[in-house]
Protein chains: 2
Amino acid sequence: MPAMDYLSYHMYREILEEPQAVARMVEMEGDKIRGLARILRERDIDCIVIAARGTSDNAAQLAKYLFEYINGVPVSLAAPSIYTLYGARVKLDKALVLGVSQSGEGLDVVEVVKHAREAGAVTIGITNNEGSALARTAEHTIFCRAGEEKSVAATKTYVTQLMAFYMLSFEWAGRSDLLGELSRAPEYLDRVLTMEEGIREIVPRYRYMKECVVTGRGFNYSTALEAALKVKETCYVGSQPYSVADFLHGPIAIVEEGFPVFVIAPPGKAFPNFMELCTKLRTRKAETIVLSSAPEILDISTVPLRIPFELEEVLTPLVYITPMQLFSFHLALVKGFNPDRPRGLKKVTVTR
Amino acid sequence: MPAMDYLSYHMYREILEEPQAVARMVEMEGDKIRGLARILRERDIDCIVIAARGTSDNAAQLAKYLFEYINGVPVSLAAPSIYTLYGARVKLDKALVLGVSQSGEGLDVVEVVKHAREAGAVTIGITNNEGSALARTAEHTIFCRAGEEKSVAATKTYVTQLMAFYMLSFEWAGRSDLLGELSRAPEYLDRVLTMEEGIREIVPRYRYMKECVVTGRGFNYSTALEAALKVKETCYVGSQPYSVADFLHGPIAIVEEGFPVFVIAPPGKAFPNFMELCTKLRTRKAETIVLSSAPEILDISTVPLRIPFELEEVLTPLVYITPMQLFSFHLALVKGFNPDRPRGLKKVTVTR
């Protein structure tokens, strides 16, 4: 297929739009987020609760690590049914409650935010839809500025959700060093998009892949979850995400010769775990597809996918997901599926 | 195999010991837990953080629902690497922090509790091992009184961990109604063990089952997680747990004729979701194995496993897991595996 024809797919165009979407967020949401950070510093926030589903919930996994590590506040990922099904009344007067929904119409997310606002929490909706129920329900709103997302598989909205979490966390903590790095996000995303040709070349090798494992850890556990979801929903591959710590203690037993394991392995605190994993997988003759900027791990992988720059570990989830989105898109085409229209999935999920 | 021979397996004997283990907890830990409940009422607890791994983490999933629903306090399930790998300092002065570990030697769980104690949290260790690092590190300890657990697959310790959460939650909330019901737990567990013969009869049907799905929701999302883990670790079946809400929106697309779906469906708030699921699965000619006391859902299942009594929904996780433990045990034997010695697993998991 000529490269031009990829542009007829929403998913492809939307991945390419990530650098601009992120730049728009910095420009259009920066002042508002600085204002929110002032409010959070004035309030005595003891706890953060995040309500989200699907891709937004994977973004929330990063937020958990981020707010605990950078802001030192414990984070609870809400089980919405506690509110929607069982009608629990939860003490939230010193909580910050974040509802995250691309469409802003996820009924259960909106319900959690509604309850939280009544309970006296600071509430912030993070959504790509200004006119949505979530935007109307939350006291404050951060808009993702991603432009309309037509593909069922979320890509640019995931990256802008991460961006919203980074901006809020760093401003709240007054981390000008990290904010400086973050302002270069569009440039980093541009550079990671240059990996596309290399990805397109290796994808046919996975034409008949039926199952795989995707491993990450720490900040990039979120990347493993979201990468596994993309592969599952666009390519119908039984992909299982694991924290590398959990995977090494047990599930690695399932790995036979040739079994494909994706490894999201940026340099950083979790890196020794990934070296251990890849070394073990090599002796088992497994197939390792490794995303990293570190030569030592790329050298011992079956298929190295080299990220062409180094980045603070905390920021890597923002750019390490994009190669996996591109992989999912191209693999879907190679397998003969339409990545824009996954079987049995709808864009807006309504759960009560 | 004659029934007597099952008794040569630790896992089998330990499942049979569940009623006595739970009775011992009420008798030996009751006073201590009432004392802890007084301490919690005096302190102004804004947030609960629970650190656990594997089976203990599945028990912690119930605790999340329980403390939010019964006690109205938001619960965060800790990602231990935030403390162990990244060394985050988290604000926990108004938090209750629970470390849960059968052996009490899970290094990362101990590390979270240590940090929490230094940060001024009320800390409680829940463990089956009185002399363990967790018991020494936490300010308070609840002992599971399960007796030694020799099988690698945890059974009686899981049930006693649930019991610890119930006792603490109900005492803290002063819910004498639920405490009364809970005191009958040994009797309910005795009655659920009578299902064994029926389970043994249907197990050969799954001799060649390679994958399955286990669904639950709300309080019994924990049961689905733990049941899927038992089947995976003793029978090497690719079992995936799902909240029924998540499963209905997408993954149900993978279900073909004959695909086995276990449904943990006690009467209660989540019951309509299960009826919807089973109705849909029936039109797809899937294989449904349904645990319930409600005739209307048993009637539309492929293989009904009837729980022989009704129970408050909040208490059902305590007894709905046992039939699935028995199922895993007998299926392992039918498949020719030793359920006491899963491949590639150790009893004590040490993660840093």
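Bear in mind the structure is a predicted one, so any value in this text is a computation, not a measurement. (Residues numbered from 1 in each chain as written. Chains lettered and ligands numbered in written order. Predicted model: local features only at pLDDT ≥ 70, side-chain atom pairs only at ≥ 80, totals over all residues. Heavy atoms only, no water.)

## So, the pairing of strand β5 (residues 140-143) of chain A
Along any regular strand the residues' side chains alternate between the sheet's two faces. Residues and elements named next belong to chain A. The alternating pattern of β5 places H140 and I142 on one face and T141 and F143 on the opposite face, and all of these are buried. Alignment of strand β4 (residues 122-127) against β5, held across four bridges, turns out to be parallel. Pairing of I126 across the sheet is with I142, part of β5. (Buried < 20%, exposed > 50% of the residue type's maximum accessible area, 1.4 Å probe, protein only. Helix = DSSP H or I, 4+ residues; strand = E, 2+ residues; numbered from the N terminus. Pairing = 2+ DSSP bridges.)

## Focus: the relation of the copies chain A and chain B
Superposition record for chain A on chain B: RMSD 0.0 Å, screw rotation 180 degrees, translation along axis 0.0 Å. Both copies of the chain, as the preceding transformation shows, are related through a two-fold rotation axis. Every residue of chain A has its C-alpha some distance from the rotation axis, and the shortest such distance is that of S76(A), at 2.0 Å. (Least-squares fit on C-alpha atoms with pLDDT ≥ 70 in both.)

## Notes on the interface of chain A and chain B
Contact with chain A, which involves 51 residues of that partner, is made by 52 residues of chain B. In total, about 4000 Å² of surface goes out of reach between chain A and chain B, with carbon and sulfur atoms giving 56% of it. Taken together, chain A and chain B are joined by six salt bridges. The partner of K91(B) in a salt bridge is D46(A), and the shortest N-O contact between them spans 2.4 Å. Where chain A touches chain B, the interface holds 14 residue pairs in polar contact (both at pLDDT 80 or more). (Contact = heavy atoms within 4.5 Å. Buried area = accessible area lost by both parts, 1.4 Å probe. Salt bridge = Lys/Arg side-chain N within 4 Å of Asp/Glu carboxyl O. Polar contact = N/O pair within 3.5 Å; in protein donor to acceptor, adjacent residues only side chain to side chain.)

## Topic: helix α6 (residues 107-118) of chain B
Residue and element names in this part refer to chain B. An ideal rise of 1.5 Å per residue puts 16 Å on 12 residues; α6 measures up with 17 Å between its terminal C-alpha atoms. Turning to α6, its buried residues are D108, V109, V110, V112, V113, H115 and A116. On its buried side, α6 packs onto β1 (47-51), α5 (81-84), β3 (95-101), β4 (122-127) and α7 (133-137). G120, located one to two residues past α6, shows a positive phi value of around 90 degrees. (Expected span 1.5 Å × (residues − 1).)

## A short note on the pairing of β3(B)
Residues and elements named next belong to chain B. Of all seven residues in β3, seven are buried, a share of seventy percent or more. Residues A95, V97, G99 and S101 of β3 are buried on one face, and the alternating residues L96, L98 and V100, pointing to the opposite face, are buried as well. Direction of pairing for β1 relative to β3: parallel, over a ladder of five bridges. Residue pairing across strands places C47 opposite A95, the latter belonging to β3. When β3 meets β4, the two strands line up parallel, connected through six bridges. By the bridge assignment, L96 is partnered in β4 with V122. Note that the unit made of β3, α6 and β4 has a crossover that is right-handed. (Right-handed = clockwise from strand over helix to strand, strands pointing away.)

## Some words on the domain arrangement of chain A
All names here are of chain A. Here chain A is described as being made up of domain 1 (3-188) and domain 2 (194-334). Averaged C-alpha coordinates put domain 1 and domain 2 at centres separated by 25 Å. Across the boundary between the two partners, domain 1 contributes 29 residues, which contact 31 residues of domain 2. Counting each side, the surface lost to burial between domain 1 and domain 2 is near 2600 Å², with a carbon and sulfur contribution of 73%. One can count zero salt bridges joining domain 1 with domain 2. Our count for the contact surface shared by domain 1 and domain 2 stands at seven residue pairs in polar contact (both at pLDDT 80 or more). Residue assignment for the side of domain 1 that touches domain 2 shows that the elements contributing at least two residues are α1 (3-6), α2 (10-16), α4 (54-71), α8 (156-173), α9 (176-182) and α10 (185-193). Here the side of domain 1 that touches domain 2 is built from residues that sort into 22 nonpolar, five polar and two charged. (Domains from an automatic or database assignment. Nonpolar A, V, L, I, M, F, W, Y, C, P; charged D, E, K, R; others polar.)

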